Amino acid sequence: MRRKIIFLFLIAIGLLLFRSALADSEKFYCDFDSHRIFSCQKSVLTATSQPLSIKEKDGSTFYITPQIQLGLDGAEYRFLTLRAKAKTDFPRFKINFSDRAAGILTLNNFAFKNNNQFTDYYFNLSLFDQWGGTIDRLYLQFVPQDLEIDSFRLSIATPTLVIKSLWQEFWTERPEFVPGINGLNTPLLSGVPFIKYIFALTLIVVVILAIFKYRDQGLAKRWPQILLIIFLVSWLSVAIRTLYSSYLSYLNDRSLRFMAPSIRAEKAVGDLIGSPEQAKNLYSFLAIVKNNVPLGATIFIPPSDSYTYVRLIYDLADQYQVVGDINKASYLLLFEQSLPASTQDFKLKFSAPNQLIYQR
Amino acid sequence: MMLDFFNLIFSVIGPIVFGLVLINLCFPHTRFGRLEILVLGYALGTGLISGAMFLLSLLGLNLSIIFDILLIGSAIAATILIWRRKSFGPQLVKIKTKWPVDKKKIILIIILLLWMAIQIIFIATESWLKPIVQYDAVATWSLKAKIFFTHHQLILNSHSPYFLGTHLPQYPLHLPLLETWQALSLGRFQDSAIKIVWPLYYLGLIIIFGFNLLRHSSLLKTIIFTFFLGTLPLLVYHAGYDYADLILAFYLLATLIYFWRGAIEDNHQYYYLAGVFAALSVWTKNEGLFLALIIILSWLIYLWTRRRFKLKLLIPILLFIVLLLPWLIFKAICRLGLGNIDSVWQLGWHPQVLPIIFAHLVGTIDWNIWWLIFVVSLITFWRKLWTRENLLLFLSVVGTLGFYLVLYLFTPNANYVASGMIDQRNLLTIAPLGIFYVGLLFSYNYDKI
């Protein structure tokens, strides 16, 4: 009887902690609702509660967080997704945020796509040195009146914690790495805060079992097994996300069909590579080229004698015809022999560095 | 297309054949599972091929001729295998294990196996559908392979702008040469096809982990810990891309496991095998040198405490040194360092990395809850941690972790930790050792050593 009570007690504690984990992991999940009213829900468990605030628009300033302290860790929450519709192109755009230093980010090279339809824009804010600290409030400045924002999302950008490099910016924009996109916004799948509660739960269970070890030898003998079960259940709850990410990645990759020569050419992305010193953007660019340009297309590369340039040649030459001032590497043009019949010209555009945006 | 398929198959079968011949001739008194020996064959064979490509290049041969030599070599190796199939050296064993009686456990096992199978399929598609795009993968490994393949030689002239593939020439050549081998087999540099190597190593890692844990653990526990390893998010991520860390993780785990098995079964040939894998880990990444040395040192301490130390047991260390000698001499002649920062030996004190490392380790995105499991397990089994049975594993795991901690706390590598570049991928190389160790801690039924 006593053993059953202990187990019930443990389960109750586990459920309480689990519930608080659910609540807290969604604490900072802010979004506009279907009426384009900004809401900051405390948790999915209170999803039906009233929005805490509404969006404010004051002249050219567009407040996207309410007058409360969000308390977001900038180092963690650094991925911004903006779904907006514009009627004109805007050359400048600022993301302001208030922390102790009242930081400001300016995206000089960003332009909304003028297609009169809602489009997703992705910002990897960690690429800016200014981003950081505790983020209490966010707002956009110099935003023209005819910009319509459908949704805004600030979330964790995940694998970049592993290999934080600018070359990752393209791949980290994939939906599977952004909790909250594609309906994957359940707290169990939303990431880091959950670990604290798993940790707390496990430690409490271990301590309680340790206490009872000397009182209840039966339970004590089984505690490694119980521990293993706790580990497995906790692991599975997170592993669902890994599996689901793999699935989304598979869907994404399948649509790219790299190995087939029939990829439809889409609009040139361009504007990604700056000076040779900006080699950090090179591989984002390569990824985009390989996503959008049909195999065997002709690529014109502006003349350069840089090391980056040589690398670019090497990397494109196996799948494309590369044309440019290619003294050193022109023989590489013969890399891919079997080109599709209808090759399509594709001109690269080189522009200022630090371009962060690409458009899907 | 069909030809491509056969070429791709050959690029995998070739190393396996080489490796099997090597195992057959050099380690005849060993026992392996059937899948396990295939994995070992591939891992040894790739090392043999990349090593041969390097050595023959030193003789001035270009890669086309070297490929022809390896092609003929693989035909000879296949002939040897067929010829000796009845007297194949190592004993192929089926590991005795019991399926649990409890239906719930059986269902759990099936679910976990299915889950892993789906994960493996996704990894394979991830690898096959994308070209190589990650910066490190391209610049450090794949670009070199492309340059070697294009030039049809290794470019050993240190005055050439393409010397050893241009970028970071001090890095070992196992991966670039392995990718070159794939490209030579295919006849062209097809990113997606070349990436087949990574899912294979991932699969191999799981297989040698599972097979060796199963010898000392129940089926359910083995499946659970293999599941932990196989679904470790960072490992899954690396399995789909072209970083060297997964492959280093494989060789380090193989080194530790076969030292440990040699100790358990008192069979010196496992030690020799471990010595070869230790050399291959250095041939894969520079830090492999220190990590392999730590494992070797742990093994020597283990032997010393067990009073089993004999001069004959220095053979694995000699193997380790001899296999690496050409590469190390070449590096010394060309004055190639070990790290990718010149100031690595400028010692300092960088305690600011500790909270960063902690934040990385508790991130479920990369590690699920592995490090939590690790710490809680060590606390739980604290009395068994360094018993004589566990000493080798304990010293290796703690030693390698300690090595990285020292590296981050006292060298300029701290800057890379601060920028989030290295600590995760470094720890990935030793995470499988920890999982294996914890897996064994949960399994009480050791054979008597």
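Data block above holds the structure.
Just so we're clear, the structure is a prediction, and the values are computed from it rather than from any experiment. (Residues numbered from 1 in each chain as written. Chains lettered and ligands numbered in written order. Predicted model: local features only at pLDDT ≥ 70, side-chain atom pairs only at ≥ 80, totals over all residues. Heavy atoms only, no water.)

Engineer: What am I meant to see in the overall build of chain A here?
Structural biologist: Scanning chain A from N- to C-terminus turns up six helices and 15 strands. Counting across all 360 residues of chain A, residues that qualify as buried make up 54%. Counting only contacts in chain A whose residues sit at least 6 apart along the sequence, the fraction spanning at least 24 positions is 70%. When the accessible surface of chain A is summed, it comes to about 16400 Å², and 57% of that surface belongs to carbon and sulfur atoms. (Helix = DSSP H or I, 4+ residues; strand = E, 2+ residues; numbered from the N terminus. Buried < 20%, exposed > 50% of the residue type's maximum accessible area, 1.4 Å probe, protein only. Contact = heavy atoms within 4.5 Å. Areas by Shrake-Rupley, 256 points an atom, 1.4 Å probe, with all protein chains shown as cover.)

Engineer: What is the right way to look at the pattern of salt bridges in this model?
Structural biologist: For side chains of opposite charge, pairing can occur when their charged atoms come near one another. Residues and elements named next belong to chain B. If you walk through the whole model with that rule in mind, you get six salt bridges over all chains. Salt-bridge contacts for Arg261 lead to Glu36; the nearest nitrogen and oxygen are separated by 3.0 Å. Note that Arg261 is positioned in helix H11 (residues 245-265) and Glu36 in helix H2 (residues 34-58), a separation of 225 residues in sequence. Here Arg261 matches Glu36 in class, with each residue buried. We note a salt bridge from Glu265 to Arg261, for which the minimum N-O separation is 3.3 Å. Of this pair, Glu265 and Arg261 both sit in helix H11, four residues apart, which is roughly one turn of the helix. Judged by relative accessible area, Arg261 falls into the buried class, the value being 1%. Taken together, the shared-partner salt bridges connect Arg31, Glu36, Arg215, Arg261 and Glu265 into one network. (Salt bridge = Lys/Arg side-chain N within 4 Å of Asp/Glu carboxyl O.)

Engineer: Just checking my understanding: could you explain the side chain of Thr255 of chain B for this structure?
Structural biologist: Along the polypeptide, Thr255 of chain B turns up in helix H11. Excluding residues within four positions of it along the chain, Thr255 of chain B makes contact with Ala274, Phe277, Ala278 and Ile295 of chain B.

Engineer: Just to check I follow, could you spell out the side chain of Ser443 of chain B for this structure?
Structural biologist: Residue and element names in this part refer to chain B. Position of Ser443 relative to the elements: it lies in the segment after helix H20 (423-441). Under the relative-accessibility criterion, Ser443 is labelled buried at 1%. Separated by 2.8 Å, the side chain of Ser443 and the backbone oxygen of Gly439 make a polar contact. With residues up to four places along the chain from it excluded, the contact list for Ser443 reads His216, Ser217 and Lys221. (Polar contact = N/O pair within 3.5 Å; in protein donor to acceptor, adjacent residues only side chain to side chain.)

Just distances and angles here, no functional claims.
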